[in-house]
Amino acid sequence: MKIRLLFITFLIVVQAAAQNIPQKGNLGVQLSSAPKNEYEAIFAIAGVSKGSTAESLGLQPNDVLVELNGILFDDGNKIPQVIGKFVVGEKVMAKVLRDGQLKDLTGQVQARPPFKKPNHELQLLEVPFRDGYVRAYLTHPKGEGPFPTIYYIQGYPCQSIDNHPQSPILQLTAGLVDLGYAVFRIEKPGVGEFSNLSPCMEYSFDDELENFRNGLSFLQNLKGVDRSKIYLFGHSLGGNVASILGQDSQLAGAMVYGTLVKPWEDYLLDMAYYSQTQAENPVSVDENISLLKSANHKLYNKQLDHTNLSEKEKELLSAWHDYKADGTVFNRQIAFWQNFSKHNYIKEWSKVNIPVLVIYGESDAHAISALDSELIAQTVNAQHEGKATFMLLENTNHLFANVPSRAKELENINNGLSGQVALTQFNHELPGVLDNWINKEKEASAQRIFDNASSFFPKSETQMSSMDVVAVDVNKDGHKDIILATEFGPNKLFIFKEGKWKSQSLPQLKEYTAPYLGEDSEDIAVADFNKDGSPDLFFVSEDTKHHELLLNDGRGNFSMADFQIAKKGQANAVLTHDFNQDGWPDILIGIRGQNELYINNKGKGFTENKQTVGELQESLDYLRLSI
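Computed from a predicted model, the values in this text were never measured in an experiment.

Colleague: Summarise the sheet that holds strand β19 (residues 481-486); cite the residues concerned and give the values.
Modeller: The 4 strands are arranged β18-β19-β20-β21 in an open sheet whose pairing can be described as antiparallel. In this open sheet, the two strands that pair with only one neighbour each are β18 (466-472) and β21 (500-505). Across the sheet, the axes of successive neighbouring strands diverge by a mean angle of 20 degrees, strand direction being ignored. As paired elements, β18 and β19 share 6 bridges and run antiparallel to each other. Residue pairing in the sheet places Val469 in a bridge with Leu484 of β19.

In structure tokens, the structure reads:
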């Protein structure tokens, strides 16, 4: 018996209109099993939705659906293939058995009403992806917002996220919107409604990651969304995507459910021991483990093509992993899993420095056990103490449904009942669980004065002796940048960009050789010394005795000024102030011995003023405290 990674295929897939994406339609029927017939058609019409394509065709209850657009419906997999090509307004043809007679019907493809509650709003969006577009959805409470927003990231199947009003995804969405959140969802490329893209099965994991990253950028610029309150929710393999997108420090948090962290090969081995043994004799399973290890090692470690598998390996993977001769496992190309397995997800989680909630459903037979979820929380907390929380959600399976035990879940899977359970037994506590965690994190964040953001700096650039630091927006992008005065090395500028500080060395007055690789910079003064509207920098040094004035071009690029303070001296401190009140910032340097005042010659250099320095008692007291 096969134990498969679970996904649900709903038969009636529909979408709505957009400018760049063709508007797809629906059939709008409820189906039942057909009585035996000469055409071997397997579906009968149980009901017809008002305003649907089925009503346009004139379908009636008890009709046996023989053909749609010339395709014989003797296989359930053919229905989504045909309906997925429906475009609103196009002609559609059907053949049905009615009262024992074959009838030809003609109609027009109709759109379906959006899947949303009456008190919710739904925006149909288009997100560019390479040369085409993918469909995205923003569901939110009525009103303009801005709303705190949850970005739902789905798991691995090539399946639409907007395919049934009672799907777990849409029930979770509705529950969160009822609590005041907006929920953003984006289709995978080549799924549901899209334009100018290849079928989903042709894309790799990294391709899908690119699409989800595009979705995040799109969301962060979307009207009605509170950019400071965007949370990820990664379901199953969507949690692996969240481990990478969650490295964006602008996010308010990340939540994951039923997510793996161990290597893919190890997970497949676990699945054999802990799931396959529920369907087969454990002894026979154990006897096949070495064969499974060999097959998986070829595919996911050596990254070989599936044609390199032995016949016995193919037979085993066919029985256990739904392997097919076209090179698919669990209904995705093996190349997709090979690409997925190249990532080290423990390392990815170690880079996440936002609040994280990791949930494991107690009856989840696909994530197998809570160990991976606990390991995710431990990994985050090891790098950023207190950032992650693990939670066990009782009596809940991989698809958010109430199931009393893992054994019952395996029984449902083996009996083909998982889809029905997912539709009818949604755990309505889940939206509240997410909401409670978000509110607790808000309270905790309000009580924290500081967060440790050291991980956002490149370690190799910050493990050095530094004597002073200032924070100022040097490139006028609204973010504070950081300048370090470095002891015997180039001074450093850290520009804040894309949620991190990226380093660059500042110019030096002269070239240095060992042991001195730069000035012995001690202190920094920041002022607009040439009054061009941008902050400039002045460094004083001690042992090397050279002081440096750097001018800013307005974009955060610094160059050594043509005019410098030529006089040498061992300085420990500097401040800037308009001492002669002419509107130009002057410089006061704390020197061992006599402190020095330099008057700004209106951007054309500095002149030492010895007469005034003795009168600046308040400034000198400040300098003495600074030394």
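Colleague: Pulling in residues and values, what's your account of the state of the cysteines?
Modeller: One pass over the structure, following the stated rule, counts 1 disulfide. The residue that forms a disulfide with Cys158 is Cys200, at a sulfur-sulfur distance of 2.1 Å. In this structure the cystine formed by Cys158 and Cys200 twists about its S-S bond by roughly -75 degrees; its chirality is therefore left-handed. Of the two residues, Cys158 sits in the loop between β9 (147-153) and α3 (168-178) while Cys200 sits in the loop between β11 (194-195) and α4 (205-220), which places them 42 residues apart along the sequence.

Colleague: An account of the pattern of salt bridges is requested, with residue identities and associated values reported.
Modeller: Inspection of every chain in the model, using the stated rule, returns 18 salt bridges. A salt bridge links Asp207 to Arg130; the shortest N-O distance between them is 2.7 Å. Remark: Arg130 occurs in the loop between β7 (120-129) and β8 (132-141) and Asp207 occurs in helix α4; sequence separation between them is 77 residues. Judged by relative accessible area, which is 16%, Asp207 ranks as buried. A salt bridge links Lys408 to Glu411; the nearest nitrogen and oxygen atoms lie 3.3 Å apart. Of this pair, Lys408 and Glu411 both sit in helix α13 (residues 406-414), 3 residues apart, roughly one helical turn. Here Glu411 falls in the partly exposed class, since its relative accessible area comes to 39%. Three or more residues joined by partner-sharing salt bridges are found here, namely Arg130, Asp207 and Glu210.

Colleague: So, the packing of α4 against helix α10 (residues 334-341): which residues are in play, and what are the values?
Modeller: In the contact formed by α4 and α10, the axes pass within 7 Å of each other and the chain directions differ by 70 degrees. The orientation of α4 relative to α10 falls into the category roughly perpendicular. Contacts between α4 and α10 involve Phe205, Asp206 and Glu208 on the former and, on the latter, Phe336, Asn339 and Phe340. The residue inventory of the contact of α4 with α10, partitioned by class, reads 3 nonpolar, 1 polar and 2 charged.

Colleague: Report on α3, specifying residues and quantitative values.
Modeller: Counting buried residues in α3 gives 10 out of 11 residues, a clear majority hidden from the surface. Those residues of α3 lying buried are Pro168, Ile169, Leu170, Gln171, Leu172, Thr173, Ala174, Gly175, Leu176 and Val177. Positive phi shows up at Gly180, right after α3, with a value of about 105 degrees.

Colleague: I'd like a rundown of the confidence of the model for the chain, residues and numbers included.
Modeller: Residue-level pLDDT values for the chain average 87, and 89% of them are 70 or greater. Long-range and interchain partners of residues 1-18, a stretch whose pLDDT sits below 50, account for 84 contacts in this model, where long-range means more than four residues apart. A low-confidence stretch, residues 622-627 (pLDDT under 50), is modelled with 12 contacts involving residues beyond four sequence positions or located in other chains.

Colleague: Lay out the pairing of strand β22 (residues 521-527) in plain terms, naming residues and giving numbers.
Modeller: Where burial is concerned, most of β22 is hidden: 6 out of the 7 residues are buried. The sheet contact formed by β22 and strand β23 (residues 536-541) spans 6 bridges and is antiparallel. The partner of Val526 across the bridge, within β23, is Leu537.

Colleague: Explain the environment of Val285 to me, and be specific about the residues and the numbers.
Modeller: Looking at the element boundaries, Val285 is found in helix α7 (residues 282-287). Distance from Val285 to Ala272, taken between C-alpha atoms, is 7.2 Å for residues 13 residues apart in sequence.

Colleague: Before we move on, could you go through the packing of aromatic side chains and cite the residues and values that matter?
Modeller: All chains considered together, the criterion is met by 21 aromatic pairs. Ring geometry for Phe129 versus Tyr203: centroids 5.9 Å apart, planes at 75 degrees, classification edge-to-face. Taken as a pair, Phe129 in strand β7 and Tyr203 in the loop between β11 and α4 lie far apart in primary sequence, 74 residues in all. Neither Phe129 nor Tyr203 differs from the other in exposure class; each is buried. On the basis of an interplanar angle of 85 degrees and a centroid distance of 5.1 Å, the ring pair of Phe336 and Trp337 is categorised as edge-to-face. One aromatic cluster is present, formed by Tyr156, Phe205, Trp264, Tyr267, Tyr300, Phe330, Phe336, Trp337, Phe340 and Tyr345 through successive ring pairs.

Colleague: Tell me about unusual backbone geometry, residues and numbers included.
Modeller: Residues Gly145 and Pro146 are joined by a peptide bond in cis, for which omega reads 10 degrees. The topology assignment puts Pro146 in the loop between β8 and β9. Unusually for a residue other than glycine, Asn62 sits at a positive phi of about 80 degrees. Looking at the element boundaries, Asn62 is found in the loop between α1 (53-57) and β3 (64-68). With a relative accessible area of 66%, Asn62 lands in the exposed category.

Colleague: Go over the sheet that holds strand β27 (residues 586-591) with me, naming the residues and quoting the values.
Modeller: Taken in spatial order, the 4 strands make up an open sheet running β26-β27-β28-β29, and their pairing is antiparallel. Of all strands in the sheet, those with a lone pairing partner are β26 (571-577) and β29 (606-608), marking the two edges. When the angles between neighbouring strand axes are averaged without regard to direction, this sheet yields 25 degrees.

Colleague: Before we move on, can you summarise the pairing of strand β10 (residues 182-186) with the specific residues and values?
Modeller: For a regular strand, the rule is simple: side chains alternate between the two faces of the sheet. Most of β10 is tucked away: 5 of the 5 residues are buried. Of the two faces of β10, both are covered, the one formed by Ala182, Phe184 and Ile186 as well as the one formed by Val183 and Arg185. For β8 and β10, the ladder comprises 4 bridges, and the chain directions are antiparallel. Within β10, the position partnered with Ala136 by the bridge is Ile186. Of the strand pairs in this sheet, β9 and β10 are connected by 4 bridges, and their pairing is parallel. Its bridge partner being in β10, Tyr151 is matched across the sheet by Phe184.

What counts as what
- Residues numbered from 1 in each chain as written.
- Predicted model: local features only at pLDDT ≥ 70, side-chain atom pairs only at ≥ 80, totals over all residues.
- Heavy atoms only, no water.
- Pairing = 2+ DSSP bridges.
- Helix = DSSP H or I, 4+ residues; strand = E, 2+ residues; numbered from the N terminus.
- Axes fitted to C-alpha atoms, helices over the stretch in contact; angles between N-to-C directions.
- Disulfide = S-S within 2.5 Å.
- Salt bridge = Lys/Arg side-chain N within 4 Å of Asp/Glu carboxyl O.
- Buried < 20%, exposed > 50% of the residue type's maximum accessible area, 1.4 Å probe, protein only.
- Parallel < 35°, antiparallel > 145°, perpendicular 65-115°, else oblique.
- Contact = heavy atoms within 4.5 Å.
- Nonpolar A, V, L, I, M, F, W, Y, C, P; charged D, E, K, R; others polar.
- pLDDT = per-residue confidence, 0-100.
- Phe/Tyr/Trp six-rings, centres within 6.5 Å; stacked < 30°, edge-to-face > 60°.

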